[in-house]
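Here are the chains, one letter per residue:
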Amino acid sequence: MLSAAEELGGGPAALPEILAGIVDDVDHALSEPLEIFPVCHHSPASALAMLRRLREKQPKVVYLELCEDLQPLLTELRNCRLPVALQAFASELEGFPVESAPLSVIAPITEASAEYQAIAYALETPGVELVLVDRSTDHVFQWQPDVTPATSGEPEEDLHGDAVGVEIGDLRPRFAELEEYLLHHGRVRHWSEWWDQYVEQPLAGADHETYRQVMVLVGSLFRRLAPHDTRRYAGDEDRERYMWTRIREHLAATGTDPADCLYICGAFHAASRVPEAGSALGTPDFAISPRTGTTWLYGLIPSSHSAIEAQFGLAPGSVSIAAATWQKQLTKHRLTPYKLQGQKSSGRKKALPAPVTPAAPVTDHLTGYLSGPPVLDGLDEEELRGWCVDIVRLARRNGYLASTADAIAVFETSVLLAGMRGRARPTPYDFQDAAVTCIEKDTVPGRRDVRRLCEILLGGDRIGRVGYDAMPPLARDVFDRLEPLGLNLEQRSIQRALLDLTARPELAACSQLLWMLRYLLPDQAVRPIMGSRRLGEKHIQESWDLDLGRHQRAVIELGYEGVTVEQVLEQRLRRDAWDPKATAAIALKAVENSLLFLESPRLTDELGARAIELLSAERTVDDAPEVLRRIRRLLGHYRSTAPALPTWCERFVIAGYAHYCTLLPTAFVDEATGVRQVGAMLGFLFSMESLALSLGCDRIQLEIAVRQSHPEAPAKVALLWAALHQLGALPMADLRARVGDLLGNPLVVPAVPQYVSGFVQALEPVPRLAPFVVETLSRAFGQLPDPVLLPWLPNLIMTLRQQAAELVPVLTREAGRTFPGTLAALDSWIPPWSAPARGRTAVAAMGPAVAAAAFLASGPSSADAVARLLGCEGEWAPVTAGLSAGPETGEAVVGLLTAYPETAEAVADLVGS
């Protein structure tokens, strides 16, 4: 103690002051007329002392340090298997930052806890009232405004997620140097082991007054050494003022005698010296601020030992060891714990003993307890021998080459480690270290190491389950609607569901629900093995892997958002579309999901209108590829299933046509805009052009936008050439000439892959360029020498892979149609772009007028198709007659078409060219 005071308190002179303060805190807490019962969270010693005290005193009112608005949930514990957690959840906030939603508070309950013993006693004993007195969940976030949900991924087994844990009976030094000092001189690795050795084991069989004095002493020590200028310490004092104010309010309202009450709180709070602490009349009250307008929803979620350890920073396996210690002490002292009737795995509760005479006034039990040597149990050879045999058996099952010699070595090493650490008997932590030392070598043959096997041996990661009756209506509705599958979905194992929708049409409703759950729940909760859900698809068979038992928490939390899955899905879609960071692509995704999962035209129209609003407000084109892909799919769906396009689709095409025409010149020159985005913009403009023009858009807007574009990047220059070619401003001959100039210029050859990438992206807006791109690549491979071509190839491959991976198959199919299919035909093969055009020279010699007539006569099928479309079929005159008429006849035809161009333009628009 002197060395600790010298090292941590500034010198030995601080020790008398600390000790005197601790003595005053103990006297003050024990002199309170309303009995204060200090506890530690999930402590078997606290649970044992609580069990003995409840049977001895049988209080009429139990005040418990727990959020007061969680009290209605306590009766639902009868329908659960512990451990579970009480939860308060809020997704729609009022008075808190919107970005912090959703807010969640949890309070885990285990069998080996003093809180559960008090709850079970109060709920199962007639005439006993249980009152929760801690701050409400709303005040938890009022007093901690900077608490926001974690954004990092959480472990799969962390059943509490990013919820804020309510620390009931938290006992841990808030002075880092003190904890380090205790661990070093206690010869332990972590705080859980120190607490088990120096507090849990000595207090397991202590009498009530000794237990109280020791716990208040520990709480006072940590309280006096904790930093007093932190927000956490100020919040703890406000909690103490809050709880004592609620206690005095209840005493005044009911007239209960404080001697018949029991106040259960953490040992840290038991040593409180705030002016508002105490049950005496005239004690000042604490001004409790009103709650915000946030609507809190309450329920139970499954918990586990590992989740509790992760939530409160405990050592792995410590809660499982505590549970095993609890069961061992119950057997040793022949005690029957309190359990709620109807709770799974609960035994029959013994009759309560008759009330005993109140104990004598408190005497000084602490001095004798601290001055004398601790009464320690001897070595329990049978228990340790059983651990050693069982760990070897588990190790062999998990791939370790363990034998009887290893069991003997673990036994002897456990005893040796306990002696080195000053312990009369090996603890589970000594046994773990010995097992790791003797069994685990340089590698782990399976999924579990020896330390994890020891945790399984000593109790395992017990996982609780919320019963059907304790679930919210939505969760119960989910399990009811999936009942036709004939599976036990509450089991914590993956189950395969096979749906034959043809033989059993009634399973279609289950399929629809599973697809909605697939959208709402984590990926591993509901996973399709066979089948998909896309627009226009309909499957006759599906298979699913269902793991709802291990994701019960996620299903329960859906119940906090609505009454049915459909309602929650609609809210999620609206929330995504109206999110401040939402884009037009996100809104179109919501539209598509509404068509897939919900038959609600009203919702679909609202989401479509929101997509138009977002698209018009966007100043970038980053999501242009996603917008193009989704609007194409939606238009195809409506054209195949509806007699006409919905109004929002037409408005979206009009708005998108004007929007992308406006942004096109800027996107061409903006370095931050990729070639993929520009290609998607052109794809939208060209593929939606006919529909946009029919809805009133002007094509001259697109032509002006293209002519105003002056890109410098090679890929974007190629895209511009493709757009000009599509508009008719750049004939194919001129396009070939420009590419030929590129391949012939040694200064430009290194940039040719970028031009090729642009041409490949141009396949989206101008798919007829596929033969030209194949031609360009073929000419490059044929003309470029090896010193130029070989360094050029890796750049070309990487460019295509990064910027146009999904369009490469189009080129592959076009190349398959262009090149010969056999090796023998390759020698005589002439590329189409190198073959002379048949009849072109003769027709050109006839003059432009006669050439037009000769061209139509050489291919009459096109002219016949146009004639049938116009309803004016006729017969063809001999070609020679047209040619013998001389140039005058051809010139007359050309003059007629030139004088009245409206007819030719109407025919061109009709045939789509």
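Quick notes on the rules
Residues numbered from 1 in each chain as written. Predicted model: local features only at pLDDT ≥ 70, side-chain atom pairs only at ≥ 80, totals over all residues. Heavy atoms only, no water. Helix = DSSP H or I, 4+ residues; strand = E, 2+ residues; numbered from the N terminus. Contact = heavy atoms within 4.5 Å. Areas by Shrake-Rupley, 256 points an atom, 1.4 Å probe, with all protein chains shown as cover. Polar contact = N/O pair within 3.5 Å; in protein donor to acceptor, adjacent residues only side chain to side chain. Salt bridge = Lys/Arg side-chain N within 4 Å of Asp/Glu carboxyl O. Buried < 20%, exposed > 50% of the residue type's maximum accessible area, 1.4 Å probe, protein only. Core = buried A, V, L, I, M, F, W, Y, C linked by side-chain atoms within 4.5 Å. Pairing = 2+ DSSP bridges. Axes fitted to C-alpha atoms, helices over the stretch in contact; angles between N-to-C directions. Phe/Tyr/Trp six-rings, centres within 6.5 Å; stacked < 30°, edge-to-face > 60°.

Counting its secondary structure elements, the chain contains 40 helices and 13 strands. Sequence separation of 24 or more characterises 76% of the internal contacts of the chain that already satisfy a separation of 6 or more. Looking at the chain as shown, the accessible area adds up to about 43,700 Å², and 56% of this sits on carbon and sulfur atoms.

This next bit is on the environment of Glu32. Considering the arrangement of structural elements, one finds Glu32 in the loop between helix H2 (14-30) and strand E1 (35-39). Here the alpha-carbon distance between Glu32 and Pro258, two residues 226 residues apart in the chain, equals 9.4 Å. Discounting chain neighbours no more than four positions away, the residues touching Glu32 are Trp244, Gly278 and Ser279. Polar side-chain contacts of Glu32 include one of 2.4 Å to the side chain of Ser279.

A side chain with one charge can pair with a side chain of the opposite charge if their charged atoms come near. Considering all chains together, one arrives at 42 salt bridges under this definition. The partner of Arg610 in a salt bridge is Glu613, and the shortest N-O contact between them spans 3.1 Å. With Arg610 and Glu613 both in helix H23 (residues 601-617) and three residues apart, the pair spans about one turn of that helix. The class for Arg610 is buried, based on a relative accessible area of 11%.

Ranked by internal contacts, the top residues of the largest apolar core, which has 223 residues, are Tyr63, Leu86, Tyr263, Leu482, Trp648 and Phe652. Here this core takes twelve residues from helix H25 (residues 647-669), the largest share from any one element. Beyond its immediate sequence surroundings of up to four residues, Phe652 is in contact with Leu588, Ala611, Ile612, Leu615, Val627, Ile631 and Phe684. By size, the runner-up hydrophobic cluster in this structure holds 24 residues, among which are Leu384, Ala407, Val410 and Cys454.

We now examine the environment of Thr110. Inspection of the secondary structure assignment puts Thr110 in the loop between strand E5 (103-109) and helix H4 (114-124). Taking C-alpha positions, Thr110 is 8.9 Å from Ser304, a pair spaced 194 residues apart along the chain. Contact partners of Thr110, with chain neighbours within four places excluded, come to His42, Leu82, Pro83, Tyr116 and Ile308.

Now for the pairing of strand E8 (residues 261-266). The element E8 is extensively covered by neighbouring structure, given that six of its six residues are classed as buried. Here five bridges tie E1 to E8, and the two strands are oriented parallel to one another. From the neighbouring strand, Phe37 faces E8, where its bridge partner is Ile264. For strand E2 (residues 61-67) and E8, the ladder comprises four bridges, and the chain directions are parallel. In the strand pairing of E8, Val62 is matched with Leu262.

Read from one edge of the open sheet, four strands run E1-E8-E2-E6, paired in parallel fashion. Two strands close off the open sheet at either side, each with one partner strand: E1 and strand E6 (129-134). The average undirected angle you get between the axes of adjacent strands in this sheet is 30°. Contacts from helix H3 (residues 44-57) reach E1 and E8 within the one sheet, and its direction differs from that of E1 by about 155°.

Counting across every chain of the model gives 18 aromatic pairs. Note on Phe96 and Phe141: the rings are 6.3 Å apart at their centroids and 75° apart in plane angle, and the pair reads as edge-to-face. Taken together, the residues Phe96 in the loop between strand E4 (84-90) and E5 and Phe141 in helix H5 (residues 137-142) connect sequence positions 45 residues apart. Using a relative accessible area of 12% as the deciding quantity, one classes Phe96 as buried. Judged by centre distance (6.4 Å) and plane angle (40°), the ring pair of Trp721 and Phe759 falls under tilted. Here Phe759 lies in helix H31 (residues 752-761) and Trp721 lies in helix H29 (residues 714-727), a separation of 38 residues in the sequence. Assessed through its relative accessible area of 12%, Trp721 is described here as buried. You can call Phe759 buried: its relative accessible area is 2%. Among the aromatic residues, those joined into a cluster by ring pairs are Trp721, Tyr755, Phe759 and Phe772.

Okay, the sheet that holds strand E12 (residues 526-530) next. Here three strands make up an open sheet; going across it, the order is E11-E13-E12 and the pairing antiparallel. In this open sheet, the two strands that pair with only one neighbour each are strand E11 (495-500) and E12. Shown here is a sheet whose adjacent strand axes are inclined to one another by a mean of 25°, direction ignored. The sheet contact formed by E11 and strand E13 (residues 541-546) spans six bridges and is antiparallel. From the neighbouring strand, Leu499 faces E13, where its bridge partner is Glu542.

In short, the description is geometric, and any link to function would need to be established separately.
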